[in-house]
Each structure stands twice: as C-alpha cells, then as structure tokens.
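One-letter residues, chain by chain:
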Amino acid sequence: MKLTALTMPLVALAFPALAYEPAWPDLSDALYEGRVLNDGGQFIAIDTPYRTGNDARTQIAAQIAAPQGLLLGSVTLILDENPMPVSAVFNFDAPLPRFFFDVTMRINGPTPLHVIAETTDGQLFVAETFVKTSGQGACSAPPGSDLSLALATLGEMTIGIDGTMGEGSVSEKLTALSMRQRRLDLDISHPSLSGMQMDQISLLFIPMRYVETVEIDLDGHGYVDMTGSISLSENPRVSLSVPGQTQSVDVTMTDTDGTVTHANKRLTGY
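Residues numbered from 1 in each chain as written. Predicted model: local features only at pLDDT ≥ 70, side-chain atom pairs only at ≥ 80, totals over all residues. Heavy atoms only, no water.

Participant: Tell me what's going on with the environment of Ser 140, and back it up with residues and numbers.
Facilitator: Mapped onto the elements, Ser 140 comes out in the loop between β8 (124–131) and α3 (147–152). Take Ser 140: its relative accessible area is 38%, and that puts it in the partly exposed class. Residues Ser 140 and Asn 108 lie 32 residues apart in sequence; the distance between their C-alpha atoms is 8.1 Å. When neighbours within four sequence positions are excluded, Ser 140 is seen to be in contact with Asn 108, Met 196 and Gln 197. (Helix = DSSP H or I, 4+ residues; strand = E, 2+ residues; numbered from the N terminus. Buried < 20%, exposed > 50% of the residue type's maximum accessible area, 1.4 Å probe, protein only. Contact = heavy atoms within 4.5 Å.)

Participant: Tell me about the layout of surface pockets, residues and numbers included.
Facilitator: Counted as a void, the second largest pocket has a volume near 180 Å³. Lining the second largest pocket are twelve residues, and of these Leu 96, Pro 97, Tyr 223, Val 242 and Pro 243 lie nearest its centre. Mapped by element, the contributors of at least two residues to the lining of the second largest pocket are β5 (86–96), β12 (221–227) and β13 (237–243). For the lining of the second largest pocket, the class distribution of residues is eight nonpolar, three polar and one charged. (1 Å grid on protein atoms, 1.4 Å probe; cavity = no way out; pocket = protein on both sides within 12 Å on 5 of 7 lines; lining within 4 Å. Points joined across faces, edges and corners; volume = space filled by probe spheres on them. Nonpolar A, V, L, I, M, F, W, Y, C, P; charged D, E, K, R; others polar.)

Participant: Can you explain the sheet that holds strand β7 (residues 111–119)? Please cite residues and give values.
Facilitator: With respect to topology, nine strands assemble into an open sheet ordered β1-β8-β7-β4-β5-β12-β11-β14-β15, the strand pairing being mixed. The open sheet has two free edges, formed respectively by β1 (37–39) and β15 (260–266), since each of these has just one partner strand. With direction set aside, neighbouring strand axes in the sheet form an average angle of 20°. Where helix α2 (residues 24–32) meets the sheet, it contacts β1, β4 (72–79), β5, β7 and β8, and its direction lies at approximately 145° from that of β4. (Pairing = 2+ DSSP bridges. Axes fitted to C-alpha atoms, helices over the stretch in contact; angles between N-to-C directions.)

Participant: I'd like to hear about the pattern of salt bridges, residue by residue, with values.
Facilitator: All told, the structure shown has seven salt bridges when counted by the stated rule. In this structure, the salt-bridge partner of Arg 183 is Asp 185, at a minimum N-O distance of 2.9 Å. Residue class for Arg 183 comes out buried when judged on its relative accessible area of 14%. Here Asp 185 makes a salt bridge to Arg 237, at a shortest N to O gap of 3.8 Å. With a gap of 52 residues between them, Asp 185 in strand β10 (residues 181–188) and Arg 237 in strand β13 connect regions that are remote in the sequence. Residue class for Arg 237 comes out partly exposed when judged on its relative accessible area of 31%. Several salt bridges share partner residues, and in doing so they unite Asp 102, Arg 183, Asp 185, Asp 187 and Arg 237 into one network. (Salt bridge = Lys/Arg side-chain N within 4 Å of Asp/Glu carboxyl O.)

Right under this line is the structure:
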C-alpha cells in the first residue's frame, strides 16, 4: 500500500508508539514501601555529565549535606534503568553532617538517576537528574582487558589522598576548609563482571562477579561500608570525603565470589 499524507495518520493510529513508563515509581515503592521521600534538592548536589563520554566508565558524584540539626546515616545511588538499579550504597559507622562521593559506573542506557540520603531519624531526602548515553549497552559490553590478566591482579587496591576538598566557587572551598575534609581515592583492580557479557571466543556468557562490599576504616575505627553492584565500572575508582585529620586508612574489599583483599596507608596529618 502506498502511504499518502491522508493515510499516514491512520497508520500512526493503528501502530501507536509505545509509551515510556518510568521505573522510579515502582522502584521507590519496592525500596521504601510508601515512606515519604522529601525533596532533597537543597541538600544534595549531583554532578554527572549531560551525556556519557564512555558508557562503561562514567563518573557520578554527589555532595550531600544533612538538613540543619540532622545527621546522615546512609546515602544510596540509584540508576533507574540499569539492570541492577541500586548501584551503590554508603552506610556510615558514625553519623555524618555531610558526605561526598565520586564513583566510576557503567551506564547501560539513558536513565534517570536518584541519590537518596537517609538521616539518622529515619527521614529520606531525594534528588534526581538524567544521564544520556551513546547507546553502547555498557552492561553487556565485552571486558575491556584480558580476563586472565584481570583475574591475576583481582583485588589489588591503591589508596590516594588529595588536598582539601572543595572545587568550584569560593564558598564551596571555604565550606570544605571549615569542615576540614580531604578527598580519598581508592582504585580497585577488578573486572566487575556483569553476567551479561559474552566471551568473544567461546561465545558463552561470563559468570557474574563484582565488588560486593568495600569497608573503609579510618584511624582504627569504622567509617563507611559501601555495597557495590554490577553497575560499578571495570577497575572502579571510589572517591569520598574523609576528615582532614585522618592519619591511617584501612580498606577491606570482598567480591561476590568470596575473595577478600586488604590495603592500608598511613597519611600525613592535616
């Protein structure tokens, strides 16, 4: 049948476009079971690219400040359309007034992104943004390095410490200085296998294996436990704020196959 200007609308009616249904309503109901999600726009600043330069390794960062009179108990990063949406959870051993994280993630496709802060009194605060991608399907993309070599160094970690936190405006730098925060960078050697990747020789799917938990202790005391997911990039970098006076860092990484590795570093006092 030849389509004309008159028949085109009829075709459009016969084959309506599939409506996009956001995952967030169902996700939030499943995760928080009807709890109130307060607007956290004034407490949570998310830093993501407008469009990913590399779907398989995209930095997602956020600065979170607890509302006045409250303290943070945990922070959760959710990539709504990723196969494993709950992508990273930070649980604090001692409540914090503010927290910063910057983690390299896989972004499987265009997705809303939510950061949820839970205060110690049980309130939830949420902020959101949207990330566009190049359509590479990062969670099913083949590993970027030789798997046998990656497994040989699996679990090795490098700890770095940067100067005073705070980039951008003068007020942000002054705030970081007043809080005496520094930036801790943790590089983890791990293939972060999603279970959706195919071996390019055997054409069989590679079993899932990713960083399950990262426990960070400062000066001999618990600081934060991060729960990971397949959303973590290959060889992920996890950066976060730590008190400026920190003298030592001890890290324990456990992956989903039960591999446990440790790293530690002595730091110069602030």
